[in-house]
Amino acid sequence: MVNDLISKKDLLDLTGISYGQLYRWKRKNLIPEDWFIRKSTFTGQETFFPKEKILERIEKIQSMKENLSLDELADMFSPSLGDVQLNPEELLKRNIVSKPVLDFYLTHYGDIQEFTFERILELFILEKLLQSGEINLEEGKMVLQVLNDHYKEGQSTHTQLLFIRKLGISSCLMVSNEESLYFEKGTRVVVVQSIATCTEELKSRLL
């Protein structure tokens, strides 16, 4: 669970972006403030970043900035699209969820005519996990319960959804801002899913 860090100098060298671009993207909220980590080194204070997250984010910005403005990108990377509402037919048409998973969700929550962004995100995550084959429908109910109970906590850029299994017994949990987790011997981590990554993927389909 520990994220490797990359220094600002190495990041600029590796990606080919300038110091000015990096901080312009920061001012536009394309890169979260808490990804800029100040650490003491033998040369003084240096800035580091969570390596995997920052490289993935910069790759997305560079690949999409030709088609979207920086403000539009900032909207995509922000936690939610509060005014979005889609009906079941639109969800299927946009390929956000398959009909079997949508039917399962509606069986669990009852008839829903308009889906808010929160519910769309739940559906999107459930679809990804079920399609991966790592969890079954019964375990999907656990995922929905955790997402529904802790949606606000899930808006942190560091939040991850974990699904673990031991001796055939499954458990689902949401982890926020934790560097390390230690499990009982024999516990298998089945799924580690970044909520922020799912949110960005979903927004790219909604914008």
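See above for the structure.
Predicted model, so just to flag it, every value in this text is computed and none were measured.

Rules used in this analysis
Residues numbered from 1 in each chain as written. Predicted model: local features only at pLDDT ≥ 70, side-chain atom pairs only at ≥ 80, totals over all residues. Heavy atoms only, no water. Buried < 20%, exposed > 50% of the residue type's maximum accessible area, 1.4 Å probe, protein only. Helix = DSSP H or I, 4+ residues; strand = E, 2+ residues; numbered from the N terminus. Arc of directions from axis to C-beta. Contact = heavy atoms within 4.5 Å. Pairing = 2+ DSSP bridges. Axes fitted to C-alpha atoms, helices over the stretch in contact; angles between N-to-C directions. Expected span 1.5 Å × (residues − 1). Polar contact = N/O pair within 3.5 Å; in protein donor to acceptor, adjacent residues only side chain to side chain.

Participant: Help me get a handle on helix α4 (residues 70–77), residues and values and all.
Facilitator: Inspection of α4 places Leu73, Ala74, Met76 and Phe77 among the buried residues, and these make up the whole buried set. Viewed along the axis of α4, the buried residues span an arc of 160°, placing them on a single side of the element. Buried residues along α4 sit in contact with α3 (51–64) and α9 (195–206).

Participant: Quick one: what's the story with the sheet that holds strand β3 (residues 44–50), residue by residue and with numbers?
Facilitator: Strand order in the open sheet made by the 3 strands is β1-β3-β2, with antiparallel pairing throughout. A strand with exactly one partner marks an edge of an open sheet, and here the two such strands are β1 (5–7) and β2 (37–41). Each adjacent strand pair in this sheet contributes to an overall mean axis angle of 45°, direction not counted. Here α3 sits on the sheet and contacts β1 and β3; the angle it forms with β3, its principal contact strand, is near 70°.

Participant: Outline α9, supporting the account with residue identities and numerical values.
Facilitator: With 12 residues, α9 extends 16 Å between its outermost C-alpha atoms, agreeing within 8% with the 16 Å of an ideal straight helix rising 1.5 Å per residue. The opening residue of α9 is Ser194, an N-cap whose side-chain oxygen sits 3.4 Å from the backbone nitrogen of Ala196.

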